[in-house]
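# Architecture and fold: a report
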Amino acid sequence: MPNRTTPVTSARPAAAGPRPSRTGLLGGPAPILASAVLWGTTGTAGSLAPAGAPAAAIGCAGLTLGGLLLFLTSRGARSLPAACTRAERWLLVLGAPAVAGYPLTFYPAVARTGVAVATVIALGSAPVFAGLLAWLTGRTRPTARWTAATAAAVLGCALLVLGPELTGSATPMDLTGVVLAASGGLSYAVYSLIGGRLILREHPSDAVMGVLFGAAGLLVLPLFLFVDMRWLGTADGAAVTVYLALFTVYLAYRLFGHGLRRTPASVATSLTLAEPAVAAVLGVTVLGERLPSVSWCGLAVLALGLVLLTVPGRRGR
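As the structure is a computational prediction, the values presented were derived from the model and not from experiment. (Residues numbered from 1 in each chain as written. Predicted model: local features only at pLDDT ≥ 70, side-chain atom pairs only at ≥ 80, totals over all residues. Heavy atoms only, no water.)

## Points about the overall build of the chain
The line we're drawing: We count a stretch as a helix when DSSP gives it H or I for four or more residues in a row; a strand needs E for two or more, and each element gets its number in order from the N terminus. Exposure classes here rest on a 1.4 Å probe applied to the protein chains alone. A residue is buried below 20% of its type maximum, exposed above 50%, and partly exposed in between.
Check the secondary structure of the chain and you find 14 helices and zero strands. Here the chain, with 317 residues, has 51% of them falling under the buried criterion.

## Description of the pattern of salt bridges
Rules: Think of a salt bridge as a Lys or Arg side-chain nitrogen and an Asp or Glu carboxyl oxygen that are within 4 Å of each other.
One pass over the structure, following the stated rule, counts three salt bridges. Two residues, Asp174 and Arg112, come together in a salt bridge whose shortest N-O distance is 3.0 Å. A residue pair is termed long-range when its members are at least 10 positions apart, and Asp174 in the loop between α8 (144-166) and α9 (175-200) and Arg112 in helix α6 (residues 86-113) qualify at 62 residues. Residue class for Asp174 comes out partly exposed when judged on its relative accessible area of 23%. The partly exposed category is assigned to Arg112, whose relative accessible area is 46%. With its nearest N and O atoms 2.9 Å apart, the salt bridge here joins Asp228 to Arg230.

## Considerations on the environment of Ala189
Which entries qualify depends on this criterion: When checking whether two residues touch, look at their non-hydrogen atoms; a contact exists if any pair is within 4.5 Å.
By the secondary structure assignment, Ala189 is in helix α9. Separated by 91 residues in the primary sequence, Ala189 and Ala98 have C-alpha atoms spaced 8.6 Å apart. When residues no more than four places from it in sequence are discounted, the contact partners of Ala189 are Ala126, Phe129, Ala130 and Leu133.

## As for the packing of α6 against helix α10 (residues 205-219)
The cut-off we apply is this: Throughout, an axis means a line fitted to C-alpha atoms (over the contacting stretch in the case of helices), and angles, computed between N-to-C directions, take values from 0 to 180 degrees. Note on terminology: angles under 35 degrees are roughly parallel, angles over 145 are roughly antiparallel, angles of 65 to 115 are roughly perpendicular, and the others are oblique. Each crossing gets its hand from how the near helix is turned against the far one by less than a right angle, where anticlockwise is left-handed and clockwise is right-handed.
Between α6 and α10, the least distance of the axes is 8 Å, while the angle of their chain directions is 60°. The angle between α6 and α10 falls in the class oblique. For the crossing formed where α6 meets α10, the hand is right-handed. Contacts between α6 and α10 involve Leu92, Gly95, Ala96, Pro97, Val99 and Ala100 on the former and, on the latter, Val211, Leu212, Phe213, Ala215, Ala216 and Leu219.

## What about the packing of aromatic side chains?
To keep it simple, the criterion reads: For Phe, Tyr and Trp, where Trp contributes only its six-membered ring, two rings pair if their centres lie within 6.5 Å, and the inter-plane angle classes them as stacked under 30 degrees, edge-to-face over 60, or tilted in between.
For the coordinates displayed, the defined rule picks out five aromatic pairs. Ring pairing ties together the aromatic residues Tyr102, Phe106 and Tyr107, which thus form one cluster.

## Things to note about a nonpolar patch on the surface
Let me state the cut-off plainly: A patch consists of residues whose relative accessible area exceeds 30% and which take part in no salt bridge; residues with like charges are grouped when within 9 Å of each other, and nonpolar side chains (Val, Leu, Ile, Met, Phe, Trp, Tyr) when within 5 Å. Computed with the Shrake-Rupley method and a 1.4 Å probe, the accessible areas treat only the protein chains shown as cover for residues.
A cluster of nonpolar side chains, namely Leu65, Val242, Leu246, Phe247 and Leu251, defines an oily patch on the protein surface of about 350 Å² accessible area. Counting residues per element, the nonpolar patch draws most heavily on helix α11 (residues 235-260), at four residues.

## With respect to the packing of α9 against α10
Note the cut-off: Each residue receives one of three labels: charged for Asp, Glu, Lys and Arg, nonpolar for Ala, Val, Leu, Ile, Met, Phe, Trp, Tyr, Cys and Pro, and polar for the others, Gly being one of them.
Close contact between α9 and α10 brings their axes to 9 Å; oriented N to C, the two are set at 145°. Pair α9 / α10 crosses with right-handed handedness. Of the residues in α10, those in contact with Tyr191, Gly195, Leu198 and Ile199 of α9 are Ser205, Val208, Met209, Leu212 and Phe213. Partitioning the contact of α9 with α10 into residue classes produces seven nonpolar, two polar and no charged.

## A word on the confidence of the model for the chain
For the record, the criterion: Known as pLDDT, the predictor's per-residue confidence is scaled from 0 to 100.
For the chain, the mean per-residue pLDDT works out to 78, and 78% of the residues sit at or above 70. Taken element by element, the predicted model of the chain shows its lowest mean pLDDT in helix α1 (residues 7-11) (38) and its highest in helix α4 (residues 55-73) (93). Segment residues 3-26 is flagged for pLDDT under 50; beyond a separation of four residues in sequence, or across chains, it makes 83 contacts in the model.

## Description of the side chain of Ser74
Spelled out, the test is: We define a polar contact as two N or O atoms separated by no more than 3.5 Å, with the added condition that, inside protein, one atom must be a possible hydrogen donor and the other a possible acceptor, whereas residues neighbouring each other in sequence contribute only through side-chain atom pairs.
Looking at where Ser74 falls in the secondary structure, it is placed in the loop between α4 and α5 (80-83). Classification of Ser74 by relative accessible area gives buried; the value is 7%. Polar contacts involving the side chain of Ser74 include one to the main-chain carbonyl oxygen of Leu70, which spans 2.4 Å. Polar side-chain contacts of Ser74 include one of 3.3 Å to the backbone oxygen of Asp206.

## Describing α9
Working note: α-helix, 3.6 residues per turn, so residues spaced by three or four point in the same direction. Counted only if it meets this: In a helix, the anticipated span is given by 1.5 Å times the number of residues less one.
The first and last C-alpha atoms of α9 sit 37 Å apart over 26 residues, in line with the 38 Å expected at 1.5 Å per residue. For α9, the side-chain oxygen to backbone nitrogen distance between the N-cap and Thr176 is 2.9 Å, and the N-cap itself is Asp174. Taken from the residues just after α9, Glu202 is the one with a positive phi, measuring 70°.

## Observations regarding the environment of Gly59
Looking at the element boundaries, Gly59 is found in helix α4. Judged by relative accessible area, Gly59 falls into the buried class, the value being 2%. Along the sequence, Gly59 and Ala45 sit 14 residues apart, while their C-alpha atoms lie 10.0 Å from each other. Dropping the residues within four chain positions of it, Gly59 is found in contact with Pro103 and Tyr107.

So this is what it looks like as structure tokens:
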């Protein structure tokens, strides 16, 4: 889940910064790249659930199982709330619903727009939302670089969304799906900023992620009372849920946290750009999704915006 870091990177545990250690491939970049690849498979895996399975329920099932595993196996997660100040506990309270909001919006977006489009919109909008939220909360001021990157991201999303209509495609983009994907990006930006702020205050990244994801898993449990969950008892349904829980939540965040202890945040952020690339390739090659040339141009422009947002300048940020 994005899995789904600079704005976006500080959100994942990147804000904690690397610890002095090995800098070779096996010392950091490899685990981070592996986690990005795992996050990139999320949309495709969810699409392989049995027909008729509610899209939101698929993501929530993976979050519940993976989040609880992450909480139970993260050192310091159980004692974190007691170790936090009152203000920090409020951050945990706000962060858990943000984590829960991602599967409730992203998976329905995938069902409406396809894996490639939903993933790119969610990941492309997250840095924009993160930058705006950081500005509104007084943490940073917009720079010319951020403004240019944001303009590229918005233009890229517009071309991506309007591509089918501009080329006369018989399947125009689902605007509801686009809004849901962008809402997923907002959810990701919120919990990323909250997680990053807690980690900057020297709380262990594993504990912070364990509490946020464990609490989010409990928050989405009531959803299962109102939707048809019979698909979960099928072989395909159980396999998809276990895969999402173990690989895109539990293992991916474990790998990412391990890599961040030995890799500079700027390198980690660049490596996570593999996530939308993997999602788009899987959507086209595995699921047979098709995008017109204008939409592919939009993907390229959006990728440029992501690079501008994540690659640090000469003087850093």
